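Next come the chains, spelled out residue by residue.
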Amino acid sequence: DAKTTQPTSMDCAEGRAANLPCNHSTISGNEYVYWYRQIHSQGPQYIIHGLKNNETNEMASLIITEDRKSSTLILPHATLRDTAVYYCIVYTGANSKLTFGKGITLSVRP
Amino acid sequence: NAGVMQNPRHLVRRRGQEARLRCSPMKGHSHVYWYRQLPEEGLKFMVYLQKENIIDESGMPKERFSAEFPKEGPSILRIQQVVRGDSAAYFCASSLGVHQGLGIGTEAFFGQGTRLTVV
């Protein structure tokens, strides 16, 4: 069972920042927050993960609240190719599996 | 450094035949995961394997499905006596494993999947 809740969908104008929220109020101390995306039935693509500090890589930034009960994935300059289903997952990484929920469908409009 | 390789990309089987799906993990990865995605549905976990061992098969149907990850060679997902309901995309992922505390090496990377069609 997914331990996260995400809005069903959102849209964003091309070139603007896309802020994707995720709630994980029951997250445990040893669980990380992972983000993946799936573009049109391709294999899921790893984006970023974090424990409690904010993280940034070449794809996105991850902002985790101080109480760790929610987080936001930020795509700083969304492009049409960022249209996808984005999954927020909490995961210990310790001999366990990633459990995908329904995710949020991001539509980037021209 | 090649990513996770799955083959074949597309597989057509008649009802009652066997389907063998192969997954070569990324170099150095010893953890493999299989997922199934039915049309218009989400990704469902099937099985998690480490070299030669099944760690978690809680998502595997009890009959006709099996998975292995031998010491040498790719991981294989085998479906015997396929039925139309087995038509789906099957994705494999691999990871280095676990580094406690930092999450390093726990990222799972996915292949492009095998689309199985049962006719």
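Right above here is the structure, for reference.
Keep in mind that this is a model prediction, so the values were computed, not measured. (Residues numbered from 1 in each chain as written. Chains lettered and ligands numbered in written order. Predicted model: local features only at pLDDT ≥ 70, side-chain atom pairs only at ≥ 80, totals over all residues. Heavy atoms only, no water.)

**Student:** A description of the pattern of salt bridges should follow, citing residues and the corresponding values.
**Tutor:** If you walk through the whole model with that rule in mind, you get seven salt bridges over all chains. For Lys97 of chain A, the salt bridge is made with Asp56 of chain B, and the minimal N-O distance between the two is 3.1 Å. Placement of Lys97 of chain A in the loop between strand S8 (84-91) and strand S9 (104-109) and of Asp56 of chain B in strand S6 (residues 53-56) is noted, with the two residues assigned to different chains. For Lys97 of chain A, a relative accessible area of 26% translates into the label partly exposed. Of the residues examined, Asp56 of chain B reaches a relative accessible area of 18% and is grouped as buried. In this structure, Arg64 of chain B and Asp86 of chain B form a salt bridge, with 2.7 Å as the shortest nitrogen-oxygen distance. Taken together, the positions of Arg64 of chain B in the loop between S6 and strand S7 (65-68) and Asp86 of chain B in the loop between strand S8 (75-79) and strand S9 (88-95) put the pair 22 residues apart, joining distant regions of the chain. Since its relative accessible area comes to 25%, Arg64 of chain B is described here as partly exposed. Using a relative accessible area of 3% as the deciding quantity, one classes Asp86 of chain B as buried. (Salt bridge = Lys/Arg side-chain N within 4 Å of Asp/Glu carboxyl O. Helix = DSSP H or I, 4+ residues; strand = E, 2+ residues; numbered from the N terminus. Buried < 20%, exposed > 50% of the residue type's maximum accessible area, 1.4 Å probe, protein only.)

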